[in-house]
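Spelled out, the chains give:
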Amino acid sequence: DEGSQLVALLLGAKPGEHVVDYCAGAGGKTLALAAQMRNKGRLVAMDVDHARLERGAPRRKKAGVDNVQTHVIEQGKDKWLKRRKRTFDRVLVDAPCSGVGAWRRNPDARWLRRTRPIEELLPVQAEVLQRAARLVRPGGTLVYATCSLLPEENEAQVEAFLASADGAEFELAPPEHFGAPFDDGYLRLSPARHGCDGFFGAALVRDAHILSEMSSSEAPPEAGRRTPATQLQLSN
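What you see is a predicted model; the values in this text were computed from it and never measured.

1. Description of the pairing of strand β9 (residues 199-206)
In terms of burial, β9 is largely enclosed, as eight of its eight residues are buried. Taking every second residue as pointing to the same face, both faces of β9 are buried, with Phe199, Gly201, Ala203 and Val205 on one and Phe200, Ala202, Leu204 and Arg206 on the other. Across three bridges, strand β6 (residues 170-172) lies against β9 in antiparallel orientation. Each bridged residue has a counterpart across the sheet, and for Glu171 the counterpart in β9 is Val205. Looking at chain direction, strand β8 (residues 186-189) and β9 are connected through three bridges and run antiparallel. Within β9, the residue paired with Leu189 across the bridge is Phe199.

Here you go:
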């Protein structure tokens, strides 16, 4: 869906960067990110579901994408993630959510209830955001997104994260020249206004000044400068 691709573009991935698609699933956004990067750099597609990641392999082959690696996120402590703390330029978190924004294409989903109850999803979303944020280098960008229209899954999660210890080094920073509609710093897409699935997106940037305070063992191998996201036009 167009809304999904717009959220991927919000990350502003550039050729040569180190980028993570944290909740990659079958890789729809991974392909969009690879295109942004022009197949250059390092793009890691991650998910807790190995089978879903595997379904992305033929899609990447068909698209001629060869800069993607995959990683299955371990429950609890993940040594792979810990070793790569603060080493990625950009991280996209398309968090598991209620899917309310996709009801226009799947109206029966409201009654089938194929997703977890929202009271179970909220702590999962908070944990996913916190874990993914640790991968972002100083000066790097973190995008939190859902295909939901519910404030408790969206704005409330971002505000709680920014108020937490993990989010203290981040600030809300909508990219300049993106072109898509923002409201109070958030990207909000709705079927009624934009003709695409309902999506929420928040771009957060980690304070670059903390780099001098980091030990040499924590410093990222590459620290390219942050650049504005790709220009994009979307009619209201």
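2. Notes on the UniProt feature "active site" (unreviewed entry) in the chain
UniProt's entry tags Cys147 with the feature "active site" (unreviewed entry), counted in the numbering of this structure. Take Cys147: it is sitting in the loop between β5 (136-146) and α8 (155-162). Contacts of Cys147, omitting those with residues within four sequence positions, involve Cys97, Gly99, Val100, Gly101, Ala102, Gly198 and Phe199.

3. What about the packing of aromatic side chains?
Considering all chains together, one arrives at four aromatic pairs under this definition. Seen in terms of ring centroids, Tyr144 and Phe200 are 6.5 Å apart; in terms of plane orientation they differ by 70°. Their pairing is edge-to-face. With Tyr144 in strand β5 and Phe200 in strand β9, the pair connects residues that are 56 residues apart, well separated along the chain. Take Tyr144: its relative accessible area is 0%, and that puts it in the buried class. Owing to a relative accessible area of 2%, Phe200 belongs among the buried residues under this scheme. Aromatic pair Phe178 and Phe182: ring centres 5.9 Å apart, planes at 70°, arrangement edge-to-face. What makes Phe178 buried here is its relative accessible area of 1%. The exposure class of Phe182 is partly exposed, given its relative accessible area of 29%. In textbook terms, an aromatic cluster arises when at least three aromatic residues are bridged by ring pairs, as seen for Tyr144, Tyr186 and Phe200.

Conventions adopted
- Residues numbered from 1 in each chain as written.
- Predicted model: local features only at pLDDT ≥ 70, side-chain atom pairs only at ≥ 80, totals over all residues.
- Heavy atoms only, no water.
- Buried < 20%, exposed > 50% of the residue type's maximum accessible area, 1.4 Å probe, protein only.
- Helix = DSSP H or I, 4+ residues; strand = E, 2+ residues; numbered from the N terminus.
- Pairing = 2+ DSSP bridges.
- UniProt positions renumbered as here; feature names shortened; annotations may be inferred.
- Contact = heavy atoms within 4.5 Å.
- Phe/Tyr/Trp six-rings, centres within 6.5 Å; stacked < 30°, edge-to-face > 60°.

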